[in-house]
Amino acid sequence: VQLQASGGGLVQAGGSLRLSCTTSGNIVNVYEMGWYRQAPGKQRELVAAAYVGGVTNYADSVKGRFTISRDNAKNTVYLQMNGLKPEDTAVYYCYIRRTEWGTNYWGQGTQVTVSS
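Residues numbered from 1 in each chain as written. Predicted model: local features only at pLDDT ≥ 70, side-chain atom pairs only at ≥ 80, totals over all residues. Heavy atoms only, no water.

Observations concerning the overall build of the protein chain
A tally of helices and strands in the protein chain yields 0 helices and 11 strands. Helices and strands in the protein chain line up, N terminus first, as β-β-β-β-β-β-β-β-β-β-β. In summary, the protein chain has a C-alpha radius of gyration of 13 Å against a globular reference of 13 Å for 116 residues, a match within 12%. For the protein chain, the spread of C-alpha atoms along the three principal axes comes to 40 × 25 × 25 Å. Counting contacts in the protein chain only where the partners sit at least 6 residues apart, residues at least 24 apart contribute 54% of the total. Surface accessibility of the protein chain: about 6,100 Å² in total, with carbon and sulfur atoms responsible for 47%. Charged side chains in the protein chain number 11 positive and 7 negative. The centres of these two groups are separated by 4 Å. (Helix = DSSP H or I, 4+ residues; strand = E, 2+ residues; numbered from the N terminus. Rg over C-alpha atoms; globule rule 2.2 N^0.38 Å. Contact = heavy atoms within 4.5 Å. Areas by Shrake-Rupley, 256 points an atom, 1.4 Å probe, with all protein chains shown as cover. Lys, Arg positive; Asp, Glu negative; His and termini not counted. Charge placed at Lys NZ, Arg CZ, Asp CG, Glu CD.)

Now the structure itself:
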């Protein structure tokens, strides 16, 4: 499984970015797709996840600002990030998990930098 992430960059506080992650395979029945992030000196943390059937889950720190969505026709998961804050600065990694108890497959990471 290959995942290609894109969309990171430098943005001012309050701005927006949209991350994309396209997979090499069909995602219709993929159990879970989403995004983690890792800031310097911190552990990787879950940002958002989208489950088969439409359920989503967000870290408390991004609720109301970030929106995750899946486009099965394009084998792509998106993360729309609005109201960005300097503390959102991190490398963002997309992942997929084909089954509930399966292994996560990871993309290469994309840098998001939010200036104050």
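With respect to the sheet that holds strand E7 (residues 66-71)
Across the sheet, which stays open at both edges, the 4 strands sit in the order E1-E3-E8-E7 with antiparallel pairing between neighbours. In the strand order of this sheet, the two ends are held by strand E1 (3-6) and E7, each with one partner. Within this sheet the neighbouring strands show an average axis-to-axis angle of 15°, counted without direction. Where E1 meets strand E3 (residues 17-23), 4 bridges bridge the pair, whose relative direction is antiparallel. (Pairing = 2+ DSSP bridges. Axes fitted to C-alpha atoms, helices over the stretch in contact; angles between N-to-C directions.)

Quick notes on the pattern of salt bridges
Per the stated rule, a full pass over the model turns up 5 salt bridges. The closest approach of N and O atoms between Glu 32 and Arg 97, which form a salt bridge, is 3.5 Å. Residue Glu 32 is located in strand E4 (residues 32-38), and its partner Arg 97 is located in strand E9 (residues 90-97); the two are separated by 65 residues in the primary sequence. Classification of Glu 32 as buried rests on a relative accessible area of 6%. Of the charged contacts, one joins Arg 37 and Asp 88 as a salt bridge, the two residues approaching to 2.9 Å between their closest N and O atoms. Of this pair, Arg 37 sits in strand E4 while Asp 88 sits in the loop between strand E8 (76-81) and E9, and the two are 51 residues apart along the sequence. The exposure class assigned to Arg 37 is buried, which follows from its relative accessible area of 6%. Its relative accessible area of 1% is what places Asp 88 among the buried residues. (Salt bridge = Lys/Arg side-chain N within 4 Å of Asp/Glu carboxyl O. Buried < 20%, exposed > 50% of the residue type's maximum accessible area, 1.4 Å probe, protein only.)

Comments concerning the nonpolar core
Within the largest apolar cluster, 29 residues are counted, with the highest numbers of intra-cluster contacts made by Trp 35, Val 47, Phe 66, Ile 68, Leu 79, Met 81 and Tyr 92. Elements with a minimum of two residues in this core: E1, E3, E4, strand E5 (45-51), E7, E8, E9 and strand E11 (110-115). Top element by residues in this core is E9. It accounts for 4 residues. In contact with Tyr 92, other than residues within four places in its own chain, are Leu 19, Trp 35, Tyr 36, Arg 37, Val 47, Phe 66, Leu 79, Met 81, Gly 109, Thr 110 and Val 112. (Core = buried A, V, L, I, M, F, W, Y, C linked by side-chain atoms within 4.5 Å.)

Regarding the pairing of E11
Only one face of E11 is covered, namely the one carrying Thr 110, Val 112 and Val 114; the face carrying Gln 111, Thr 113 and Ser 115 has none of its residues buried. Relative to E11, strand E2 (residues 9-12) is paired through 4 bridges, and the arrangement is parallel. Counted as the bridge partner of Gly 9 is Val 112 from E11. Here 3 bridges tie E9 to E11, and the two strands are oriented antiparallel to one another. The residue of E11 that forms the bridge with Tyr 92 is Thr 110.

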